[in-house]
Amino acid sequence: MKFGVIQFPGSNCDQDAYYAIRDVLQQPVDYIWHQESNLAGYDCVILPGGFSYGDYLRTGAIARFSPVMGAVQEFADRGGLVIGICNGFQILCEAHLLPGALLANNTLRFRCKYLHVRVENDTSSFTHLCYRGQVLRIPIAHHSGCYYCEPDVLKELEEQDRILLRYCDRDGNVTEQSNPNGSVSNIAGILNEQGNVAGMMPHPERAVEDLLGSEDGVLIFRSIVERLS
Amino acid sequence: MSANREPGGRTVQATLPIPPEVYREMGLNDAEYQRVVEVLGRHPTYTELGMYAVMWSEHCGYKFSRPILKLFRKYREAIEGSGLENAGVIDIGDGFGIAMKMESHNHPSAVEPFQGAATGVGGILRDIFTMGARPIASMNSLRFGNLDDPRNRYLFEHVVGGIAFYGNCVGVPTVGGEVCFEECYSGNPLVNVLSVGLVRIDEIAFARACGPGNPVMLVGSRTGRDGIHGATFASVELGPDSESRRPNVQIGDPFTEKCLIEATLEALKTGYIVGIQDMGAAGITCSTCETAAKAGTGMRIDVRKVPLREEGMTPYEIMLSESQERMLAIVQKGHEDEVARIFTKWGLNASIIGEVTDDGLIHVYDGNELVAQVPAKSLAEEAPTYVLDTEEPEYLKRVQSYDLSSIPEPDDYNQALLKLLASPTIASKEWVYEQYDHMVQTNTVVLPGSDAAVIRIRGTKKAIALTTDCNGRYCYLDPYLGAQIAVAEAARNLACCGAKPLAVTDCLNFGNPEKPEVFWQFRRCVEGMAEACEFFEAPVVSGNVSFYNETPDAAIYPTPVVGMLGLIEDVQKRCTSAFKGEGDVIVLVSGWTAEDEASCDLNSLGGSEYLKAIHGLAVGKPPVLVMEKEKRVHRVVLRAIDQMLLNSAHDCSDGGLATTLAEGCIMGDVGAQISLVSNCGPAAALFAETQSRIVVSLPAEKLGKLREIAEDEQVEITVLGRTHGDKLEIAVNDEPVINVKIMDLKEAWCRSIPRTMED
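Residues numbered from 1 in each chain as written. Chains lettered and ligands numbered in written order. Predicted model: local features only at pLDDT ≥ 70, side-chain atom pairs only at ≥ 80, totals over all residues.

1. Re the overall build of chain A
Phase 1: What chain A contains, in helices and strands, is 5 helices and 11 strands.
Phase 2: By the compact-globule yardstick of 17 Å for 229 residues, chain A fits well, its C-alpha radius of gyration being 16 Å.
Phase 3: The principal-axis extent of the C-alpha atoms belonging to chain A is close to 45 × 35 × 35 Å.
Phase 4: Nonlocal contacts in chain A, meaning residues at least 24 apart in sequence, comprise 77% of its contacts between residues at least 6 apart. (Helix = DSSP H or I, 4+ residues; strand = E, 2+ residues; numbered from the N terminus. Rg over C-alpha atoms; globule rule 2.2 N^0.38 Å. Contact = placed C-beta atoms within 7 Å.)

2. With respect to the overall build of chain B
Phase 1: Broken down by element type, chain B carries 28 helices and 25 strands.
Phase 2: In terms of overall dimensions, chain B is globule-like: its C-alpha atoms have a radius of gyration of 27 Å, near the 27 Å expected for 759 residues.
Phase 3: Classification of the 759 residues of chain B by burial places 63% in the buried group.
Phase 4: Summarising the internal contacts of chain B: among those between residues at least 6 apart in sequence, 84% fall at separations of at least 24. (Buried ≥ 20, exposed ≤ 12 C-beta atoms within 10 Å, placed from the backbone.)

3. Side note on the interface of chain A and chain B
Phase 1: If you look at the interface, chain A gives 22 residues, while chain B gives 21 residues.
Phase 2: Those elements that place two or more of their residues in the side of chain A that touches chain B are helix H1 (14–24), strand S6 (111–119) and strand S7 (135–142) of chain A.
Phase 3: Counting residues per element, the side of chain A that touches chain B draws most heavily on S6 of chain A, at 3 residues.

4. Re the nonpolar core
Residues and elements named next belong to chain B.
Phase 1: Counting 340 residues, the largest nonpolar core has Met-55, Leu-421, Ala-465, Val-487, Val-589 and Val-637 as the members making the most contacts within it.
Phase 2: If one sorts the elements of this core by residue count, helix H20 (residues 479–497) sits on top with 12 residues.
Phase 3: Counting residues domain by domain, this core receives three or more from each of domain 1 (1–84 + 205–383) and domain 2 (395–427 + 575–759). (Core = buried A, V, L, I, M, F, W, Y, C linked by C-beta atoms within 7 Å. Domains from an automatic or database assignment.)

5. Quick notes on the domain arrangement of chain B
Phase 1: Examined at the domain level, chain B breaks down into domain 1 (1–84 + 205–383) and domain 2 (395–427 + 575–759).
Phase 2: Relative to domain 2 of chain B, the C-alpha centre of domain 1 of chain B lies at a distance of 50 Å.

6. So, the sheet that holds strand S9 (residues 163–168) of chain A
Residues and elements named next belong to chain A.
Phase 1: Taken together, the 9 strands give an open sheet; going across it, the order is S2-S1-S3-S4-S11-S10-S9-S6-S7, and neighbouring strands pair in mixed fashion. Edge positions in the open sheet fall to strand S2 (29–33) and S7, since each of these has one partner strand only. The mean angle between the axes of side-by-side strands here comes to 25 degrees, regardless of whether they run parallel or antiparallel.
Phase 2: Note that S9 and strand S10 (residues 187–191) share 3 bridges and pair antiparallel. (Pairing = 2+ DSSP bridges. Axes fitted to C-alpha atoms, helices over the stretch in contact; angles between N-to-C directions.)

7. Regarding the pairing of strand S12 (residues 369–375) of chain B
All names here are of chain B.
Phase 1: For S12, the buried fraction is high: 5 of the 7 residues fall into the buried class.
Phase 2: Where strand S11 (residues 361–366) lies against S12, 6 bridges are found, and the strand directions are antiparallel. Bridge pairing links Ile-362 to Val-374 in S12.
Phase 3: The loop that links S11 with its antiparallel partner S12 comprises 2 residues; one of these, Gly-367, has a positive phi angle of about 70 degrees.

8. Topic: the environment of Gly-50 of chain B
Residue and element names in this part refer to chain B.
Phase 1: Take Gly-50: it is sitting in helix H3 (residues 46–55).
Phase 2: Since 25 C-beta atoms lie within 10 Å of it, Gly-50 is described here as buried.
Phase 3: For Gly-50 and Ala-672, which are 622 residues apart along the polypeptide, the C-alpha to C-alpha distance reads 63 Å.
Phase 4: If we skip the residues at most four places from it in the chain, Gly-50 touches Met-26, Tyr-316, Met-319 and Leu-320.

9. Notes on the environment of Glu-77 of chain B
Residue and element names in this part refer to chain B.
Phase 1: For Glu-77, the position within the fold is in helix H6 (residues 73–80).
Phase 2: The exposed category is assigned to Glu-77, around which 12 C-beta atoms lie within 10 Å.
Phase 3: Taking the C-alpha atoms as reference, Glu-77 lies 24 Å from Gly-360; in sequence the two are 283 residues apart.

10. Here's the deal with unusual backbone geometry
Phase 1: Phi at Ser-185 of chain A is positive, roughly 55 degrees, even though this residue is not glycine.
Phase 2: Structurally, Ser-185 of chain A can be placed in the loop between S9 and S10.
Phase 3: Of note in this structure, Tyr-62 of chain B is not a glycine but carries a positive phi near 50 degrees.
Phase 4: With respect to the element layout, Tyr-62 of chain B can be found in the loop between helix H4 (58–61) and helix H5 (66–69).
Phase 5: Among the residues examined, Tyr-62 of chain B registers 19 C-beta atoms within 10 Å and is labelled partly exposed.

Spelled out as structure tokens, the structure:
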């Protein structure tokens, strides 16, 4: 089993994801340069956080056209596991591997802080080691994390159990106050229809050691590892 | 101007004198112009004149500050020895070093706050990775005028926005700093940015143009007309026409910087880069002459080979452009392609613009035309220096002798405390640091909001701690003492998180040095700081001087900001400032005896935030400091943290003991019951900013061990009370004076800045 972490110019959480997989999960992992067009040999591909190509236009808007994204599309079509974190989530939406879009936070400011998310789906390849309703403490760090989709898409996401995580308070209540960016229905993470592509705004790779304040992110990565082995 | 036109010409023969109004406009005085003529043996060309003007400005040449900066030991040794490098490197063991530097971007931020602050961050990062160090953390120290003024709110919002824009994109965590508000910074904000990087000691890169014949490569962004004469602009006072200086401000591109970081570090790993220097102030001029001067070589470059952003740029403009995200690399001959390929991979330009020579001269060609030919050392190292007059300012005696006994006790101590907590200088800066990515790189183990930020060093058990400190009001009231307190407080902040001081980088912000009163403040501050840094074993290893921080109305307070680096040997043994739950004993570790503690001399409110926030006064003398006592307090707390006795440690500074206690409660979400003793009124007991004091909390059963350590270090400790309930209750001489719900303290402290900025 092997992980790949995609490196776009401007990715800046690539090394953090790499360390989380290599040092904490102790799994094999490579960096994949954005001009790569072959993902053979990988079982899970991570699109990390950052500012791909500077994100001066619209987050993820340029990255979706990079050579590696064609390969990611094929990889996903073949059933490979793909997880986009923060900027990676934005890119997956831009590439239509996930529905909806990520808009500027309703605060119009970048926000970096620890917060709580509630596990809404406990059977997915990314969350099956959690239990439904479990509250995870994982930080966010983004300027454009306000998830938006049309009402019919939201209905579909809900009916098909494709909402992975929702922002909540420390007791697991999904409230307006616990929504850091104005996301529709407090959505922090979603799945594609096939269940093999996930996107989330919080950074699980930042919550993999007690020393950093939380180990809850390990549950996400360990879910992937167990599903693949 | 005239330059001879012989293909591959060997000499410049400009004979026409430059009119005085031209060189004066560029910032050179008559004597300096004459000096240029003497050095060259002829009148300079226009391009040469521009190069001298910018390199001999205070910003680049330190012509006023250099004689005083020699009071810093390491600086003196460097000047007399091997020369200065871009940022000091401090050995932290295990084969690793920390590169650290702080720099100001005050003037650009005053006219264009967003880009001014953003490019400040970019510049300081380049200072770090040009040494081969990966930047691992940034901090900033900011000063603004009062937030009632919309202009100051605008500056505050956009400076923070610019730092966030740049710092977040490049993926270097901004882990903390300080923000203060005083009227004197109105219209002249201070934006000081600090960055630290991690480098293997055996992989440090040097800014030396070694090896005649080696190609000189310009990497990174294209060169445009932005920022021409930025350094000269930084060397004059701000005035009504400063707005027209907006084109002097550079524009930042953090995406390119991020690629430049990765490409530079990757290229250095090849071993084919023999020397490298970032381009900041004075652009190509500065980087060519400094690298050549350091190596005792010369350089021949052709400005036509510089990739340009716009057409029709003159050699003068190309040599002086301060376009961002560029570096000058001197590459081992024969390996140009390997190095260039790495930069190209990251989407960056890499162009050979010339080569190293052995004649000590900088030759600048414009195609075949020689437009400048100057000795590298004359630009880089021989800026004229001046010993300026000093004179003790008149205001000092007046403010110091203010009769503090005439100040009445407040009617309501609760209200006074709430008002202090809501004072923007004291209030929570969450609104600021939430806008900064302070966790990227996943090494930040103590997040912003505590006394110091802590960054673990991967692959070791160690961590470093960082803090910036300076109380400008203290420095205004007594520059020497104020500067010493800045150093003492920085060391105290480090002690509170379990770190021993290692080194200091400074950013010395002052008014116009050509005014004797300002230069007196400068000299006294440097004297105080140099002495304190030696005492706390944290030598100044790098820094920056920013003069001319004045508007026609007034100069800023003398503000010598201290950025201090500390080391934690075992990252598990660290401490934060929040109380940790019910029932802990709260103890004051103080350098003073119980008798001192109760005395009025020691507990003077002089210079305090209380006087400022409640009475609108900046008067009196700053609190007394006895460095030996201060150091003992640090030793007690460091030993206690090392033995894992403490649940929290928080220094007493702005707002006094009551503020320290309130912050411990708010951050820990727990109340406290406290009893104080005082001979001089509750206000002094609560709000005096008496030095050398740290509030710690610990389980009662560990108190005995703490006492043993304290006795061993000859430090008195006093049990003040315990953590309990949901209120902060303080009695002075058994008289209850403070009784406030933590919720209300939190509202005052946390909501103050967001309310001001958003409502």
